[in-house]
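Residues per chain, in single letters:
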Amino acid sequence: PDVANWDTSAATTMIQIFYSCKYSGSLDVSSWDVTAITGAGLSSAFYSLPQTSLDLSSWELSGGITSMSSVFYGSDITSVALTHANNDFSAVTTWDHCFRDSDVTSLTFNANADFSATTSMAYMLYGTTISTANYDALLLLIDATNSNAVVAHFGSATYTGGGAVATARASLVTKGWTIYDGGIA
């Protein structure tokens, strides 16, 4: 379906919008205005989506989002770039199952991503393997902004031993984090 010109500017929820969608063509959601999405409004939005590519780089997510639960669970998407400079994750408490069992190997956030409200990342990347570089960047961002005790499943992702990344991961554990990952690269 041609969804490129949908007016999504007033949408506060997109829960399950493409849940288990069987459409194998291209979905152009790159120009969607998602600034009004709040709460758990993206939950399961791309669950089991068969597309391997989805351009979200211009999506500007607001500080009203509190849950990223199951957004990409089981999808075939290989790269997720939540890199818009104005993305605000500061109110997101849960990332549970967000990328679980998906084909995501590349996951990037904007340089100022704020994970301060996060209290759960249970099974966030379970069954996936993002690149070491992406996992290193994620660990650094989380350690810089979060002081909560969190259980986090980062799949088979491996991190760079020694240096700033290993220090950041150790710092998270000291803060009470329980981290499941693939260990040192």
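Remember, predicted model here, so these are calculated numbers, not experimental data.

So, on to the nonpolar core. With 52 residues, the main nonpolar core has Leu42, Phe46, Trp95, Phe109, Met121 and Phe154 as its most contacted residues. Secondary structure elements with two or more residues in this core: strand S1 (79–82), strand S2 (106–109), helix H1 (132–145) and helix H2 (163–174). Of all the elements, H1 adds the most residues to this core, at five residues.

Using the criterion set out here, one finds 18 aromatic pairs in the structure. Ring-pair connections join several aromatic residues into one group, and the members of that group are Trp6, Phe18, Trp32, Phe46, Trp59, Phe72 and Phe99. Here the guanidinium or amino end of Arg100 rests over the ring plane of Tyr123, the centre of that ring lying 4.9 Å away.

Okay, the side chain of Ser43 next. Position of Ser43 among the secondary structure elements: in the segment before S1. Note on Ser43: relative accessible area 13%, which makes it buried. Of note is the side chain of Ser43, whose polar atom sits 2.9 Å from the backbone oxygen of Ala40. In this view, Ser43 contacts Ile15, Gln16, Ser67, Ser69 and Val71; residues no more than four positions away in its chain are not counted.

Reading guide: rules and limits
Residues numbered from 1 in each chain as written. Predicted model: local features only at pLDDT ≥ 70, side-chain atom pairs only at ≥ 80, totals over all residues. Heavy atoms only, no water. Core = buried A, V, L, I, M, F, W, Y, C linked by side-chain atoms within 4.5 Å. Buried < 20%, exposed > 50% of the residue type's maximum accessible area, 1.4 Å probe, protein only. Helix = DSSP H or I, 4+ residues; strand = E, 2+ residues; numbered from the N terminus. Phe/Tyr/Trp six-rings, centres within 6.5 Å; stacked < 30°, edge-to-face > 60°. Lys NZ or Arg CZ within 6 Å of the ring centre and 35° of its normal. Polar contact = N/O pair within 3.5 Å; in protein donor to acceptor, adjacent residues only side chain to side chain. Contact = heavy atoms within 4.5 Å.

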